[in-house]
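Coordinate analysis (summary)
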Amino acid sequence: MQTLKTTLLIIGGGPGGYVAAIRAGQLGIPTVLVEGQALGGTCLNVGCIPSKALIHVAEQFHQTHQHSQHAQLGITVQAPSLDIAQSVAWKDGIVDRLTSGVAALLKKHGVTVIHGWAHVVDGKTVDVDGQRIQCEHLLLATGSSSVELPMLPLGDAIISSTEALAPKRLPRRLTVVGAGYIGLELGIAYRKLGVEVSVVEARERILPSYDSELTQPVAESLKKLGIPLYLQHSVEGFDAATHRLQVRDANGEQLKLDTDQVLVAVGRRPRTQGFNLEALRSR
Ligand SMILES: Cc1cc2nc3c(=O)[nH]c(=O)nc-3n(C[C@H](O)[C@H](O)[C@H](O)COP(=O)(O)OP(=O)(O)OC[C@H]3O[C@@H](n4cnc5c(N)ncnc54)[C@H](O)[C@@H]3O)c2cc1C
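First, a word on what this report is: a plain description of the structure on this page. Given the structure is predicted, the values throughout are model-derived calculations rather than measurements.

Some details on the sheet that holds strand E8 (residues 158-159)
Whether parallel or antiparallel, the strands of a sheet pair through hydrogen bonds between backbone atoms. On the basis of which strands lie adjacent, the open sheet formed by five strands has the order E8-E15-E9-E10-E11 and parallel pairing. A single partner strand is all that each edge strand has here, and the edge strands are E8 and strand E11 (229-231). One ladder, built from five bridges, connects strand E9 (residues 173-177) with strand E10 (residues 196-201); its direction is parallel. Its bridge partner lying in E10, Leu 174 is registered against Val 197. The strands touched by helix H6 (residues 181-192) within the sheet are E9, E10 and strand E15 (261-264), with E10 carrying the most contacts at an inclination of about 160°.

Below you can see the structure in the form of structure tokens.
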């Protein structure tokens, strides 16, 4: 097995990893960065950037649609139509530009980038596809992945934020499970693109991890957009044959919501489960 030696080894090329790598490179520290998927991580590829691009498309579409219905400002336009494949291609172009920029910055600052999945042997040794890397300092910047619900396994009509950001076509009806910021921003964007959206949340209010005063404008906006909210409802399963999502309210009453797609946005968990943390502490 070939061995590469470095001072700093970073696992993960998202904002945590690539920013640290660039800074270390600027300071003249020999640095290797390992990335299993795409440079830029969740944020640039399937998170912040593509979601804001989709939100921009949705807002433009919504505004144009408003102008086509009411000419209050004196602007009259025809009812708009949407080519979602073109919108996704535009969003992908932005992502490509930004991730290429990250690759260029890493190169400029002398960071060695290795593409592959890192397996931690111990706190100073990592294997990537048959190559061993030995380092003085190991930085884990492996980010997080979407939490799945056992009663709503991903596939077909059940999607995560990653699929929601690259739709091949838009569903007529979408139910978002989870009223955190990811579920709500995607739900609102889909609504503005003309989809009938509902939101199911197990807790008693939307955005449960934020101060309730701050969440009021969001609740008002959901109401204005006609997005029904099912608070204190927990999901029990989805019947693909009838396109019905079964939910139960706080009193134990079961309800069936008609929907074509279900977006599961119930949180994210750290991607360090595969690592032997004991082995990491051992050196
Ligand atoms: C839909 C959505 C919208 C979001 N919007 C926002 C927003 O508007 N503003 C905001 O601040 N945040 C937002 N976030 C959160 C943001 O994406 C994360 O906080 C950020 O990406 C975390 O950066 P990170 O570097 O820690 O991890 P990540 O970006 O997840 O990067 C970790 C990288 O490590 C790699 N990796 C993991 N394990 C290994 C391994 N063993 N070997 C090699 N590589 C590995 C992964 O492939 C990944 O590329 C959003 C997230 C989502 C999902």
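Here we look at H6
A rise of 1.5 Å per residue sets the reference length of H6, with its 12 residues, at 16 Å; its end C-alpha atoms lie 16 Å apart and thus fit the reference within 8%. Burial runs high along H6: nine of the 12 residues are buried. Every buried residue of H6 is listed here: Gly 183, Leu 184, Glu 185, Leu 186, Gly 187, Ile 188, Ala 189, Tyr 190 and Lys 192. The elements touched by buried residues of H6 are helix H3 (48-69), helix H5 (161-164), E9, E10, helix H7 (212-225) and E15. Backbone geometry just downstream of H6 places Gly 194 in the positive-phi region, at approximately 100°.

Quick look at the environment of Ser 146
Its location among the elements puts Ser 146 in strand E7 (residues 144-146). Ser 146 gets classed as partly exposed once you look at its relative accessible area, which sits at 21%. With 56 residues separating them along the chain, Ser 146 and Ala 202 place their C-alpha atoms 17 Å apart. Leaving out residues up to four positions away in the same chain, Ser 146 has contacts with Ser 160, Ser 161, Gly 267 and Arg 268. Among the polar contacts made by the side chain of Ser 146, one reaches the side chain of Arg 268 at a distance of 3.3 Å.

Considerations on helix H4 (residues 84-108)
For H4, with 25 residues, the first-to-last C-alpha span of 36 Å sits near the 36 Å given by 1.5 Å per residue. Those residues of H4 lying buried are Ile 84, Ser 87, Val 88, Lys 91, Ile 94, Val 95, Thr 99, Val 102 and Leu 106. Those residues of H4 that are buried lie in contact with helix H1 (15-26), strand E2 (31-35), helix H2 (41-46), H3 and strand E3 (112-115). Gly 110 lies just past H4 and shows a positive phi near 75°.

About the thresholds
Residues numbered from 1 in each chain as written. Predicted model: local features only at pLDDT ≥ 70, side-chain atom pairs only at ≥ 80, totals over all residues. Heavy atoms only, no water. Pairing = 2+ DSSP bridges. Helix = DSSP H or I, 4+ residues; strand = E, 2+ residues; numbered from the N terminus. Contact = heavy atoms within 4.5 Å. Axes fitted to C-alpha atoms, helices over the stretch in contact; angles between N-to-C directions. Expected span 1.5 Å × (residues − 1). Buried < 20%, exposed > 50% of the residue type's maximum accessible area, 1.4 Å probe, protein only. Polar contact = N/O pair within 3.5 Å; in protein donor to acceptor, adjacent residues only side chain to side chain.

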